[in-house]
Amino acid sequence: MNDTGGPLPPDELGHRLVEVFDLVGPLYRRALRKVEQGEAIEGASVGVRSVLDLLRRRGDMTVPQLSRIQALSRQFVQRMVNDAAARGWVRIVPNPAHQRSSLIRLTEEGRALITAVLDREHTLNRQVGGDLTDAEVRACVRVLREMLRTFDHVDVED
């Protein structure tokens, strides 16, 4: 084990990151189930919730942009956008930069909904124990971001 604080050798890093993957998968699936339980309350599926949150954070976007950021197929994201539009949570508006790819815009109803969902999720996240420090959370985010970057080339349209 390398506890010098320096970078791990590639072989050791590879083995250690398996531990992270072994935790991320179950964590992700359990978190999705918890969000899905909230669907009965707010009415938004996990996919719609993701679209609404991206629009809240980044502003108007096209379906291809939403798809790329989430590493999901355009067809799936389009279905989520259509569901959100049917419920009045987003509007599809002309895109001055690209005629064939409309912009998806969060409505006030959509903003209120995603705010309620995020408030409920925040309440759950506050229950995480372990006396975690800011430095530990920042390190976790850095590790996960690097792991994600490793798979940037993976095509999600297959």
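Before reading on, note that the structure itself is shown above.
Since this is a predicted model, take the numbers as computed values, not measurements. (Residues numbered from 1 in each chain as written. Predicted model: local features only at pLDDT ≥ 70, side-chain atom pairs only at ≥ 80, totals over all residues. Heavy atoms only, no water.)

Caption draft 1: Fine view of the nonpolar core. Core analysis: the largest hydrophobic core is formed by 20 residues, its most contacted members being Leu52, Leu55, Leu66, Val81 and Val90. Secondary-structure elements contributing two or more residues to this core are helix 2 (46-58), helix 3 (63-70), helix 4 (74-86), strand 2 (103-106) and helix 5 (108-125). Of all the elements, helix 2 adds the most residues to this core, at 5 residues. With near-sequence residues (within four places) excluded, valine 81 lies in contact with Val51, Val63, Leu66, Val90, Ile92 and Ile104. (Core = buried A, V, L, I, M, F, W, Y, C linked by side-chain atoms within 4.5 Å. Buried < 20%, exposed > 50% of the residue type's maximum accessible area, 1.4 Å probe, protein only. Helix = DSSP H or I, 4+ residues; strand = E, 2+ residues; numbered from the N terminus. Contact = heavy atoms within 4.5 Å.)

Caption draft 2: Here's a closer look at the packing of helix 2 against helix 4. Interaxial distance between helix 2 and helix 4 falls to 9 Å at its minimum, and their mutual angle equals 85 degrees. When the axes of helix 2 and helix 4 are compared, the pair comes out roughly perpendicular. Within the contact between the two elements, helix 2 uses Gly47, Val48, Val51 and Leu52 and helix 4 uses Phe76, Val77, Met80, Val81, Asp83 and Ala84. Looking at the contact of helix 2 with helix 4 residue by residue, the class counts come to 8 nonpolar, 1 polar and 1 charged. (Axes fitted to C-alpha atoms, helices over the stretch in contact; angles between N-to-C directions. Parallel < 35°, antiparallel > 145°, perpendicular 65-115°, else oblique. Nonpolar A, V, L, I, M, F, W, Y, C, P; charged D, E, K, R; others polar.)

Caption draft 3: The packing of aromatic side chains, seen in detail. Taken as a whole and assessed by the stated rule, the structure comprises 1 aromatic pair. Aromatic pair phenylalanine 21 and phenylalanine 151: ring centres 6.1 Å apart, planes at 75 degrees, arrangement edge-to-face. Of this pair, phenylalanine 21 sits in helix 1 (residues 10-42) while phenylalanine 151 sits in the segment after helix 6 (134-150), and the two are 130 residues apart along the sequence. Judged by its relative accessible area of 45%, phenylalanine 21 is partly exposed. (Phe/Tyr/Trp six-rings, centres within 6.5 Å; stacked < 30°, edge-to-face > 60°.)

Caption draft 4: Molecular detail of the layout of surface pockets. Put simply, the largest pocket is a space of about 2800 Å³. Residue lining of the largest pocket: 47 residues in total, with Val24, Leu27, Tyr28, Ala31 and Leu144 positioned closest to the centre. Counting residues per element, the ones that place at least two in the lining of the largest pocket are helix 1, helix 2, helix 3, helix 5 and helix 6. At 14 residues, helix 1 tops the list of elements feeding residues into the lining of the largest pocket. As a volume, the second largest pocket reaches approximately 420 Å³. Examining the composition of the lining of the second largest pocket, we find that 6 residues originate from one element, helix 6, more than from any other. (1 Å grid on protein atoms, 1.4 Å probe; cavity = no way out; pocket = protein on both sides within 12 Å on 5 of 7 lines; lining within 4 Å. Points joined across faces, edges and corners; volume = space filled by probe spheres on them.)

Caption draft 5: Spatial organisation of unusual backbone geometry. Positive phi, close to 55 degrees, is recorded for alanine 71, a residue that is not glycine. Mapped onto the secondary structure, alanine 71 falls in the loop between helix 3 and helix 4. On the basis of relative accessible area, alanine 71 is assigned to the partly exposed category, the value being 46%. If you check the backbone angles, aspartate 131 has positive phi at about 50 degrees while not being a glycine. Along the chain, aspartate 131 turns up in the loop between helix 5 and helix 6.

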